[in-house]
Amino acid sequence: MTRVRVTAPHGAARTPVRAGQRTGESREAAQDSEVGQVFVRSLIRSQLRLALVVAGGFLLVLAAFPLVLLAVPGLADAPVAGIPFGWLLLGAGIYPVIGLSAWLYVRTAARNEARYRDLAGEQ
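Overview of the structure. (Residues numbered from 1 in each chain as written. Predicted model: local features only at pLDDT ≥ 70, side-chain atom pairs only at ≥ 80, totals over all residues. Heavy atoms only, no water.)

Let us look at a nonpolar patch on the surface. A cluster of nonpolar side chains, namely Leu100, Trp103 and Leu104, defines an oily patch on the protein surface of about 320 Å² accessible area. Here Leu100 shows up in helix H4 (residues 94–121). (Patch = residues over 30% accessible without salt bridge, like charges linked within 9 Å, V, L, I, M, F, W, Y side chains within 5 Å. Areas by Shrake-Rupley, 256 points an atom, 1.4 Å probe, with all protein chains shown as cover. Salt bridge = Lys/Arg side-chain N within 4 Å of Asp/Glu carboxyl O. Helix = DSSP H or I, 4+ residues; strand = E, 2+ residues; numbered from the N terminus.)

Between helix H2 (residues 34–71) and H4, whose axes approach to 10 Å, the crossing angle comes to 170 degrees. It follows that H2 is roughly antiparallel to H4 by the angle criterion. Grouping the constituent residues of the contact of H2 with H4 by class yields 19 nonpolar, five polar and one charged. (Axes fitted to C-alpha atoms, helices over the stretch in contact; angles between N-to-C directions. Parallel < 35°, antiparallel > 145°, perpendicular 65-115°, else oblique. Nonpolar A, V, L, I, M, F, W, Y, C, P; charged D, E, K, R; others polar.)

Turning to the nonpolar core, a few remarks are in order. Formed by Phe65, Leu69, Leu89, Ile94 and Val97, the largest nonpolar core amounts to five residues. Only H2 and H4 provide two or more residues apiece to this core. Not counting residues within four places of it along the chain, the set of residues in contact with Phe65 comprises Leu89, Leu90, Gly93, Ile94 and Val97. (Core = buried A, V, L, I, M, F, W, Y, C linked by side-chain atoms within 4.5 Å. Buried < 20%, exposed > 50% of the residue type's maximum accessible area, 1.4 Å probe, protein only. Contact = heavy atoms within 4.5 Å.)

Phi is positive for Ala81, which is not a glycine, with a value near 55 degrees. With respect to the helices, strands and loops of the structure, Ala81 is situated in the loop between strand E1 (79–80) and strand E2 (83–84).

Helix length check: H2, at 38 residues, gives a terminal C-alpha distance of 54 Å against a target of 56 Å (1.5 Å per residue), a fit within 8%. For H2, the principal kink sits at Phe65 and spans about 25 degrees; a proline, Pro66, occurs within the next four residues. When we look at burial in H2, the residues that qualify are Gly36, Val40, Leu43, Ser46, Gln47, Leu50, Val54, Phe65 and Leu69. (Expected span 1.5 Å × (residues − 1). Bend = angle between axes of the 7 residues up to and from the residue.)

Below, the discussion takes up H4. End to end, H4 covers 40 Å across 28 residues, agreeing with the expected 40 Å (1.5 Å per residue, within 8%). Taken as a whole, H4 has its buried residues at Ile94, Val97, Ser101, Thr108, Ala109, Asn112, Tyr116 and Ala120.

Before going further, it helps to examine the environment of Leu62. Relative to the helices and strands, Leu62 resides in helix H2. Judged by relative accessible area, which is 35%, Leu62 ranks as partly exposed. Put simply, Leu62 and Ile98 are 36 residues apart on the chain and 9.6 Å apart in space, counted from C-alpha to C-alpha.

Turning to the environment of Ala120, a few remarks are in order. You can see Ala120 is positioned in helix H4. Residue Ala120 is classed as buried on the basis of its relative accessible area, which comes to 10%. As for Ala120 and Gly36, which are separated by 84 residues in sequence, their C-alpha atoms are 6.7 Å apart.

Attention shifts here to the side chain of Asn112. Along the chain, Asn112 falls in helix H4. Not counting residues up to four positions away in its chain, the partners in contact with Asn112 are Leu43, Ser46, Gln47 and Leu50.

The next thing to look at is the side chain of Ser101. Of note, Ser101 is situated in helix H4. If we skip the residues at most four places from it in the chain, Ser101 touches Val54 and Phe58.

The structure is reproduced here in structure tokens:
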């Protein structure tokens, strides 16, 4: 078996192209113009707002778990498969919430970026 070394031509660009990004030209053109800078700032604001909303919602749900256990007497000590419900809720019940929060964030962030690409591509 022979080894083959694959290299790019010397004049090729050294920056990687991300998935979904056609070329760096539209991104650079969008950032160079005044309207493009507004689009970029808008994208950054929407992504920050999304991160804060998802993190806030996650923290509210996380804080609600122990409150539910305190509000209903005896619920924390009720056995489920030999394990107290409080331990199950706090130990394993958080993982679906983490997964849902991550899925929601990724889906909405991708939608925000797709809107930005559509707007930047129309210039």
